[in-house]
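Residue-level structural notes
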Amino acid sequence: MSIWNKIFSSSHPGEVHEHGIRYRLERFQEIVRRNNRVLERIADASEKLGGEYIFDVQYLHDFVDRLGDDVRAIALALNELTGNRYQELLRIVSSINDNLRAVLESRTVAPESEIVLRLDRIGTEHADVTGSKMARLGEIQRILGLTTMPGVVVTASACTQFLESAGLEPLITAMRNTNGEELFELAGELRNQIIHADVQKWLQKKLRRSVRAISKRFHTQYLSVRSSAIGEDEDLVFAGQYLTELGVRPEEICDAYRKVVASLYDRHVMEYRIRHSLPPADGLMAVGIQVLLQPKCSGIIYTLDPTNPDRDVILVSSGFSLGASVVDGSAPVDRFIIDRNPPHHILESHIAEKTTECVINESGGTIVREIEPERRKIPTLEPGQLQNLCRQALKIERHMRCAQDIEWAMDEKGRIFILQSRQLKVTHIEQNNLNIMGPISHEVLLKDLGEVACRGVGFGRVWIADNREENAEDNEMPDHAVLVSRTASPKLAALLPRASALLTDYGTTTGHLATVAREYRIPAVVDTGAASRILEDGRMVTVDTEENMVYSGKVQELIKKQLLQASSYEDKKEFRMLRRLLRNIAILNLSDPTSPDFKAQNCRTYHDIIRFAHEIAVQELATGNWLRSNRRCNAVFRLDIDIPIDLVIIDLGGGIKATPRKTVVTSQHILSRPLTALLAGMTLEGVWKTEPADMDLGGFMSSATRTTALTGPEAARPEQNVAIVSNDYLNMSLKLGYHFNLVDCLMSDNAEDNFIYFRFAGGVTELLRRSRRALLLREILEHYDFVVEGKGDLVIARLKFLDLTRMQKKLEMIGRLIGFTRQLDIHLRSDDLVRHYIQEFLAGSEMPSSS
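Description of the structure in this document. What you see is a predicted model; the values in this text were computed from it and never measured.

Conventions and cut-offs
Residues numbered from 1 in each chain as written. Predicted model: local features only at pLDDT ≥ 70, side-chain atom pairs only at ≥ 80, totals over all residues. Heavy atoms only, no water. Pairing = 2+ DSSP bridges. Helix = DSSP H or I, 4+ residues; strand = E, 2+ residues; numbered from the N terminus. Axes fitted to C-alpha atoms, helices over the stretch in contact; angles between N-to-C directions. Core = buried A, V, L, I, M, F, W, Y, C linked by side-chain atoms within 4.5 Å. Buried < 20%, exposed > 50% of the residue type's maximum accessible area, 1.4 Å probe, protein only. Domains from an automatic or database assignment. Contact = heavy atoms within 4.5 Å. Phe/Tyr/Trp six-rings, centres within 6.5 Å; stacked < 30°, edge-to-face > 60°. Lys NZ or Arg CZ within 6 Å of the ring centre and 35° of its normal. Patch = residues over 30% accessible without salt bridge, like charges linked within 9 Å, V, L, I, M, F, W, Y side chains within 5 Å. Areas by Shrake-Rupley, 256 points an atom, 1.4 Å probe, with all protein chains shown as cover. Salt bridge = Lys/Arg side-chain N within 4 Å of Asp/Glu carboxyl O. Lys, Arg positive; Asp, Glu negative; His and termini not counted. Charge placed at Lys NZ, Arg CZ, Asp CG, Glu CD. Polar contact = N/O pair within 3.5 Å; in protein donor to acceptor, adjacent residues only side chain to side chain.

All right, on to the sheet that holds strand β8 (residues 334-339) then. The strand order across the open sheet built from 6 strands is β9-β8-β7-β6-β12-β13, with neighbouring strands paired in antiparallel fashion. The open sheet is flanked by β9 (346-350) and β13 (416-423), the only strands paired with a single partner. Averaged over all neighbouring strand pairs, the angle between strand axes comes to 15 degrees, with direction disregarded. In this structure, strand β7 (residues 313-320) lies alongside β8, joined through 6 bridges in antiparallel fashion. Within β8, the residue paired with leucine 315 across the bridge is isoleucine 337.

Generally, phi is negative for residues other than glycine and the peptide bonds are trans, each holding for most cases. A cis amide bond, omega 5 degrees, links proline 342 with the succeeding residue proline 343. Following the sequence through the fold, proline 343 ends up in the loop between β8 and β9. A positive phi angle, close to 65 degrees, is found at serine 321, a residue other than glycine. With respect to the element layout, serine 321 can be found in the loop between β7 and α12 (324-328). Here histidine 344, not a glycine, exhibits a phi torsion of approximately 65 degrees, which is positive. Along the polypeptide, histidine 344 turns up in the loop between β8 and β9.

Turning our eyes to something else, we now look at the nonpolar core. A general feature of soluble globular proteins is that nonpolar side chains tend to end up buried together. Formed by 56 residues in total, the largest nonpolar core has its most connected members in Phe28, Leu78, Leu89, Ile585, Tyr606, Ile609 and Phe612. Those elements giving two or more residues to this core turn out to be α2 (18-48), α3 (57-82), α4 (88-104), α18 (573-585), α19 (606-622) and β25 (721-725). In terms of residue count, α3 provides more of this core than any other element does, 11 residues in total. Residue assignment places this core across two domains, with domain 1 (19-109 + 583-619) and domain 5 (630-843) each supplying three or more. Beyond its immediate chain neighbours, meaning those up to four positions away, tyrosine 606 contacts Leu67, Gly68, Val71, Val93, Ile96, Asn97, Leu100, Asn584 and Ile585. Listed in part, the 55 residues of the second largest apolar core include Ile641, Ala797, Leu799 and Leu824.

Right, let's talk about the packing of aromatic side chains for a bit. The description of two aromatic rings rests on the distance between their centres and on the angle between their planes. Applying the stated criterion across every chain, the model contains 8 aromatic pairs. Ring centres of phenylalanine 28 and tyrosine 729 lie 6.4 Å apart, and the angle between their planes is 50 degrees; this geometry places the pair in the tilted category. Of this pair, phenylalanine 28 sits in helix α2 while tyrosine 729 sits in strand β26 (residues 729-736), placing them 701 residues apart in sequence. For the pair phenylalanine 28 and tyrosine 729, a shared accessibility class is recorded, and that class is buried. Cluster of aromatic residues (ring-pair linked, three or more members): Phe55, Tyr59, Phe63 and Phe575. One cation-aromatic arrangement involves arginine 816 over phenylalanine 841; the distance from NZ or CZ to the ring centre is 3.8 Å.

It is worth spelling out a negative patch on the surface at this point. A cluster of acidic residues, Glu451, Asp527, Glu752 and Asp803, forms a negative patch on the protein surface. Looking at the element boundaries, glutamate 752 is found in the loop between β27 (739-746) and β28 (755-762).

Along the polypeptide, serine 672 turns up in the loop between β24 (664-665) and α20 (673-682). Accessibility expressed as a relative area gives 0% for serine 672, which makes it buried. Polar side-chain contacts of serine 672 include one of 3.0 Å to the backbone oxygen of serine 726.

Below, the structure written as structure tokens:
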């Protein structure tokens, strides 16, 4: 007989062998243990992105190996627990692992369905697939919210497949073993073959489908096809080396694609690679395809003077129409010198007599034409437009953490489009001066307090988030402020895009707020213990998280050092690889177990898999006749308590004090720390009101006609209130009438491991009143720093990384909240009452009044 049959076989209906119960609990324990270990590994890796800890490629290999072992074991344990109902999880684990291996081997990971990626969905972590040029452009749009030309990127994977399909690998291999003039002759032959090679039908289809969608959506017949070679604009600039095709018509897209790929092997490109000690025949090309508009003007902006950074100015060059003449210096252009400091006064302007401009040719491509005499001495940019351009350029500079060389365009409506942004190269003299910076004379306000969550330098006026009145004049945080808070509340994440730095008294480097700070590259220190007390609101400070120091005033030498640094740690190969790995690992797509999409086949990351497995495992233990067995088992107990919850406790080990021959326990027998805290809140005097709530006619009619769903989320809810416990773990499923609570948490001595997951849904009244209660729950939970989401009567809340004392307080609050809201939907006859009951709960009331 199989082990699965042994679990369910019984000589009497409803009975389960103790061996079967123990086996089920062991499988569940395995899932919980490895689930927690996976979350720990993900948290550790996410913390590495802050730049505080050095790691190498070997760390990434070990990380992927150990994580894969744990996730695969979770999938196996779930199948053992459920009778092999989720075999497809093992296939998904293997598929994700293949993608992770490709990242580690620096292979491009782009399945055929994603061989063409939308520009607004990529970031710098995709540089090994899309090239740095397009990756940065995508991040500027996606993270910073600045406007770029809409478009797509044909990945480097497409280039590899195109060259292989054309049979060109032998010629490329021959070039790698050749040098001198023979190398350039082979390169010429290779370029010619690429230009005349057939583009595979599947790639043609994808290219044409993409350009049709772009043309239709943005009402344009002209495109720009831009190079974005792997490695371009990283340690070496490759400025102007590769081909860009402008004015491309949709039907010409395949020809333009071939020409841009062929430019990999242009003679001047290969000579450039040889001069910089790079293999001349190596290279891979991603290609950007974007809308091309006929701009009013375009040009280049340097966020710093590369020859004299001490001037603290911005340099702008601008010409009418397309910016070819600005880039290649082939014609006179306007030049402006602007103060870096707001409001960005124009210090100097040199308006050239502009005789020619580059425009789109109606038949495709571009042409150079003469400018009408009356326009030649008109400035290309007005003062307000220059100021707006400077603000956008400095926003990019702050995010990229170094001075920027930016190409831009502006349309007739004054809208600015970012075309390209890369690190501005400075003179060797200035670069060498970075290493001889003298001592800093500014007063030190904070030193070596807390944990660095994201490295960098930021400056601005202190803005303390705590205790600000809702309607106060200073409630709006100014741009570029140093955001200071007592807690690392997830609510502050919305302010981070406008902050120059972040300091908190409490929190961890793996918390939600720290994660968002790294996403926006905001210098951040958490858990300082004193920042909100020591720093004065409105004081100008400089935050140096490279050294974990906060100085009074604006420390120019630190700011300059960051702007002129050779590169940011985020741009190093290992950091880019880790960000790409975490895209396949850490993102949670399956957040709502009540959704019809909460299915095994929809798992796309390791986090999805462990979340799905944990939820299904809990359902497997919390449902079924086996809990009603009359047979005694030293792992299953019924709780004798004064409140009517009829709770069965399943002890995974260490959660219940040994009680030989007893199946009924009291609160005095409970050793589980999280269950003890939760029950403490639920059993506070007055919390559990047992008499029926007064119900008006509308509430009565809703309750009289409300039935439990036979399918969907309701069907998966437990037939029995169940708490699965160990000394530091709790998963409690609690159905009270028509509404359902779930609390899942870990409460250990290590704050980095601790978390609370709370879910609430349902109610006896109509949807409007249930939605009001959900709104009340969301606002209360957000007040207590939970990350909250939901819709209708569903509320899902999460909180992580708290120490034991704060975990206890939060769980006691959850217990009190469960009791407080148990019949509250009946009372919520109007929207005004929502605010009333929120204030009542926050004021410490155990039971809602009958307002």
